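One letter stands for each residue in the lines below.
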Amino acid sequence: MKKHDGAGGTPATVALTHAGIRFTPHAYDHDPSATGYGLEAAAKLGLDPARVFKTLLADADGTLVVAVVPVAGQLDLKALAHAAGAKKAVMADPKLAERKTGYVLGGISPVGQKTRLVTVVDETALLYDTVFVSGGRRGFDIELAPADLLAATDALTAAIAR
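Residues numbered from 1 in each chain as written. Predicted model: local features only at pLDDT ≥ 70, side-chain atom pairs only at ≥ 80, totals over all residues. Heavy atoms only, no water.

As annotated in an unreviewed UniProt entry, the chain is Cys-tRNA(Pro)/Cys-tRNA(Cys) deacylase from Cryobacterium breve. Of the comments in the UniProt record for the chain, the one headed Sequence similarities (unreviewed entry) reads "Belongs to the prolyl-tRNA editing family. YbaK/EbsC subfamily." (UniProt positions renumbered as here; feature names shortened; annotations may be inferred.)

This is the structure:
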């Protein structure tokens, strides 16, 4: 991976560049009729879906929390609540997620969000040398080391996928 200047990039690439974190951008032709954005990214980039992570937002006892889980699985809301120190978590309203992150659904990156939120990354990310997350728009993923993803988002890891 090489270091990018982030010029003309997304808030995610700008934030990574500013932090001095190495990443590799991966653009692909997004199909507007696709609804499984993460699975589409894995297929178009020829990747194992276990290495591609989706970014979801949940409401954990009134606090928005970012969950980063493999696209091949689902978010375990009970496990997320536990990791966030809450009693209960439910999926956040999509419009609220867009407003708080500054990204559109299908392009929400865990990096460079408008509002800094508590972030929990599924522990399976640590099994790989690099993982893929949304780069901040549909049809654009970034590849980076899991430790760098954790550093860029100030995230904690927990078993939050099923």
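Student: Can you explain the packing of aromatic side chains? Please cite residues and give values.
Tutor: Within this structure, the stated rule accounts for 0 aromatic pairs. Sitting over the face of the ring of Phe140, Arg137 holds its NZ or CZ atom 4.5 Å from the ring centroid. (Phe/Tyr/Trp six-rings, centres within 6.5 Å; stacked < 30°, edge-to-face > 60°. Lys NZ or Arg CZ within 6 Å of the ring centre and 35° of its normal.)

Student: Account for the sheet that holds strand 2 (residues 53-60), naming residues and giving values.
Tutor: Taking strand neighbours across the sheet as the criterion, the 5 strands line up as 4-2-3-5-8 in an open arrangement whose pairing is mixed. Taken across any chain shown, the strands that pair with only one partner, and hence form the sheet edges, are strand 4 (89-91) and strand 8 (156-158). Going from strand to strand, the sheet's axes swing by 35 degrees on average, the running direction of each strand aside. Where strand 2 and strand 3 (residues 63-70) come together, 8 bridges link them in antiparallel fashion. What sits directly across from Thr55, in strand 3, is Val68. (Pairing = 2+ DSSP bridges. Helix = DSSP H or I, 4+ residues; strand = E, 2+ residues; numbered from the N terminus. Axes fitted to C-alpha atoms, helices over the stretch in contact; angles between N-to-C directions.)

Student: With reference to specific residues and values, describe the side chain of Thr101.
Tutor: The residue Thr101 is located in helix 4 (residues 94-101) in this model. Judged by relative accessible area, Thr101 falls into the buried class, the value being 1%. There is a polar contact of 3.2 Å between the side chain of Thr101 and the backbone nitrogen of Tyr103. When sequence neighbours within four positions are dropped, the list of residues in contact with Thr101 reads Leu57, Ile108, Gly112, Gln113 and Lys114. (Buried < 20%, exposed > 50% of the residue type's maximum accessible area, 1.4 Å probe, protein only. Polar contact = N/O pair within 3.5 Å; in protein donor to acceptor, adjacent residues only side chain to side chain. Contact = heavy atoms within 4.5 Å.)

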